[in-house]
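# Understanding the architecture of this molecule
The chain contents come next:
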Amino acid sequence: MNKRILTGDRPTGKLHIGHYFGSLKNRVKLQNEYETYIEIADVQALTDNFNNPEKVRNNVREVVLDYLSVGIDPKKSTIFLQSMIPEIAELTVFYSNLVTIARLQRNPTVKTEIAQKKELFGESVTYGFLGYPVSQAADITAFNAELIPVGEDQLPLIEQCREIVRKFNSIYGETLLEPEAVLSNNKRIKGLDGNEKMGKSLGNALYLSDSDEEITKKVMSAVTDPNRIKKDDLGNPNICMVAYYHALFNKENHKTVCEECKAGKRGCVACKRELIEKIKEELTPIREKRKYYEDRPELVDEIFVTGTEKARKVAKETMKKVKKAMKLDYFE
Ligand code: TRP
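Residues numbered from 1 in each chain as written. Predicted model: local features only at pLDDT ≥ 70, side-chain atom pairs only at ≥ 80, totals over all residues. Heavy atoms only, no water.

### Description of the overall build of the protein
For clarity, the threshold we go by: Only DSSP runs of H or I with at least four residues qualify as helices, and only runs of E with at least two residues qualify as strands; both kinds are numbered from the N terminus onward. The reference for a compact globule is 2.2 Å times residues^0.38; the radius of gyration itself is calculated from the C-alpha atoms. Residues are treated as being in contact if the distance between any of their heavy atoms lies within 4.5 Å.
Scanning the protein for helices and strands turns up 15 helices and five strands. Relative to the globule expectation of 20 Å for 332 residues, the C-alpha radius of gyration of the protein, 22 Å, shows essentially globular dimensions. Dimensions along the principal axes, computed over C-alpha positions, put the protein at roughly 80 × 45 × 35 Å. Restricting to contacts in the protein with at least 6 residues of sequence separation, those with at least 24 account for 77%.

### Topic: the nonpolar core
Which entries qualify depends on this criterion: Nonpolar core, defined: a set of buried Ala, Val, Leu, Ile, Met, Phe, Trp, Tyr and Cys residues in which side-chain atoms within 4.5 Å join the residues together. Relative accessible area decides the class of each residue, using a 1.4 Å probe on protein chains only: under 20% of the type maximum gives buried, over 50% gives exposed, and in between gives partly exposed. Domain start and end points were adopted from an automatic or database domain assignment.
The biggest cluster of nonpolar side chains holds 45 residues, and the ones touching the most others in it are Ile 17, Ile 40, Tyr 67, Leu 208 and Tyr 245. When contributions to this core are tallied by element, the ones reaching two or more residues are α1 (17-30), β2 (35-40), α3 (53-70), β3 (77-81), α11 (212-220), α12 (241-249), α14 (268-294) and α15 (297-325). Among the domains, domain 1 (4-190 + 297-325) and domain 2 (210-291) are the pair contributing at least three residues each to this core. If near-sequence neighbours (up to four positions away) are discounted, Tyr 67 is found in contact with Asp 9, Leu 15, Leu 24, Arg 27, Ile 38, Glu 39, Ile 40, Ile 72 and Ile 79.

### Some remarks on the site of the ligand
Rules: One heavy atom suffices: a residue is near a molecule or strand as soon as one of its heavy atoms comes within 4 Å of it. Two N or O atoms form a polar contact when they lie within 3.5 Å of each other; inside protein one atom must be a possible hydrogen donor and the other a possible acceptor, and for residues adjacent in sequence the pair counts only when both atoms belong to side chains. The method behind every accessible area is Shrake-Rupley, applied with a 1.4 Å probe, and residues are considered shielded solely by the protein chains displayed.
Taken together, the residues surrounding the ligand are Leu 6, Gly 8, Arg 10, Glu 39, Ala 41, Gln 44, Gln 136, Asp 139, Ile 140, Ile 148 and Gln 154. Residue Arg 10 places a side-chain N or O atom 3.5 Å away from an oxygen atom belonging to the ligand. Interatomic distance of 2.8 Å between a side-chain N/O atom of Gln 136 and a nitrogen atom of the ligand. Calculation on the ligand without its partners gives an accessible area of 360 Å², and the protein chains cover 88% of this total.

### Quick word on the domain arrangement of the protein
Selection criterion: As used here, buried area is the combined drop in accessible area, with a 1.4 Å probe, of two parts when they are placed together.
Each assigned domain of the protein is listed here: domain 1 (4-190 + 297-325) and domain 2 (210-291). Between the C-alpha centres of domain 1 and domain 2 there is a distance of 35 Å. Opposite the 15 residues of domain 1 that make contact, domain 2 presents 10 residues. When the two sides are added together, the surface that domain 1 and domain 2 hide from each other amounts to roughly 1,100 Å², 60% of it contributed by carbon and sulfur.

### Observations regarding the pairing of β3
How we decide: Any two strands with at least two DSSP bridges between them are considered paired.
Burial analysis of β3 places five of its five residues in the buried class, which makes it a mostly covered element. Residues Ser 77, Ile 79 and Leu 81 line one face of β3 and the alternating positions Thr 78 and Phe 80 line the opposite face, and both faces are buried. Relative to β3, β2 runs parallel, the two sharing five bridges. The residue bridging Thr 36 from the neighbouring strand is Ser 77, located in β3.

### Comments concerning the side chain of Lys 280
With respect to the secondary-structure elements, Lys 280 resides in helix α14. Discounting residues that sit within four places of it in the chain, Lys 280 has contacts with Asp 212, Ile 215, Thr 216 and Pro 285.

### Things to note about helix α13 (residues 254-262)
The cut-off we apply is this: The directions considered for the arc run from the helix axis to the C-beta atoms.
Those residues of α13 not exposed but buried are Val 257, Cys 258 and Cys 261. Here the buried residues of α13 occupy an arc of 95° about the axis, which is enough to place them on one side. Those residues of α13 that are buried lie in contact with α12 and α14. Once α13 ends, the next one or two residues include Gly 264, with phi positive near 70°.

### Some words on the pattern of salt bridges
The condition is simple: The term salt bridge refers to a pairing of a side-chain nitrogen on Lys or Arg with a carboxyl oxygen on Asp or Glu at a separation within 4 Å.
According to the stated counting rule, one finds 27 salt bridges in the structure shown. Ionic pairing is found between Lys 117 and Asp 48, a salt bridge with its closest N-O pair at 2.8 Å. Here Asp 48 lies in the loop between α2 (42-47) and α3 and Lys 117 lies in the loop between α6 (108-116) and α7 (118-121), a separation of 69 residues in the sequence. Here Lys 117 matches Asp 48 in class, with each residue buried.

### Things to note about the packing of α3 against α15
We apply this condition: Axis geometry follows a simple rule: fit a line to the C-alpha atoms, using only the stretch in contact for helices, then measure angles between N-to-C directions, giving values from 0 to 180 degrees. Angles are sorted into four bins: roughly parallel if under 35 degrees, roughly antiparallel if over 145, roughly perpendicular if 65 to 115, and oblique for all others. Amino acid classes used here: Ala, Val, Leu, Ile, Met, Phe, Trp, Tyr, Cys and Pro are nonpolar; Asp, Glu, Lys and Arg are charged; the rest, including Gly, are polar.
Two numbers describe how α3 lies on α15: the axes approach to 11 Å, and their chain directions differ by 90°. Relative to α15, α3 is oriented roughly perpendicular. Of α15, the residues touching α3 (which contributes Val 60, Arg 61, Val 64, Leu 65 and Leu 68) are Pro 297, Val 300, Asp 301, Ile 303 and Phe 304. Class assignment of the residues belonging to the contact of α3 with α15 gives a composition of eight nonpolar, no polar and two charged.

### Quick notes on α3
To be explicit about the condition: Multiply 1.5 Å by the residue count of a helix minus one, and that product is the helix's expected span. Take the seven residues that end at a residue and the seven that start at it, fit an axis to each, and the angle between those axes is the bend at that residue.
Compared with the 26 Å implied by 1.5 Å per residue over 18 residues, the 26 Å span of α3 between its first and last C-alpha is a close match. Taking the largest bend as the criterion, α3 deviates by roughly 25°, centred on Asn 59. For α3, the set of buried residues is Val 56, Asn 59, Val 60, Val 63, Val 64, Leu 65, Asp 66, Tyr 67, Leu 68, Ser 69 and Val 70. Residue Gly 71 follows α3 closely and has a positive phi angle near 110°.

Right, here's the structure in full:
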């Protein structure tokens, strides 16, 4: 039996090429080596979007379409919806006794996020948001996941999950599996504007579902070396986002691109045109696959329902063990 991995995404927006190079490509590979579970974390998305359920609802389907379009194969990966697994919510309640408020407040990821969400939370954060690491521990343990491929920002959440597991097992007896984080998708892709992070709110993202026109427009306005005005000015590819993206989409030519730029032998417009073609080459099959599934909504529903049913079976088994350990196994 292969080891089981679990990953998840909050459905708050379409996925962009930061997700693609940072985690999706890796998941497509991992699904051949591990038993893979992928959660669409709609309940978690609501912790900071409780006032915008429409947004979460609409993005659930967008994210599934993005998964399928990049090659996540529903025969290999179990894609499921968090809100349809009530056992996760139930476990969250039980685990909440095993975590202190001070410990949650010290969680670096939560701390940073609260600071960023002042507008939503004002002076006092909600119980639900502060507690989302507990709910994420339930996501992971409900499925006995052994390995959690995550980016660096998620490490404190996995650490907190491990603590909950240890505490649970020490009080109620060996029941839960302690998961391990694998830092396999820690590559953060910069935005087209040079920002360290790519994101919807930053307006600098290239989406997997962008049209040729959108790709062209975005690349044409990408940040390049500001000192380079004429084609024969000597360029510095290290501060050019176009060169940076050539490294992702045009690996085989990246060295030449940089050399020609430094020698003033490559114009920025031609350089951008070449990049646009390379991006189209990579994204066209993805968009075609997306279209295939967009045209077959019943097929997407079926993938989702089948995945969720399979996941729920596993969560029910865990629940049984947990209730037994906690002496909540009445009338059995
Ligand atoms: N918190 C994760 C994120 O924002 C999403 C997530 C929810 C997750 N449940 C998970 C990740 C379980 C790994 C395992 O990206």
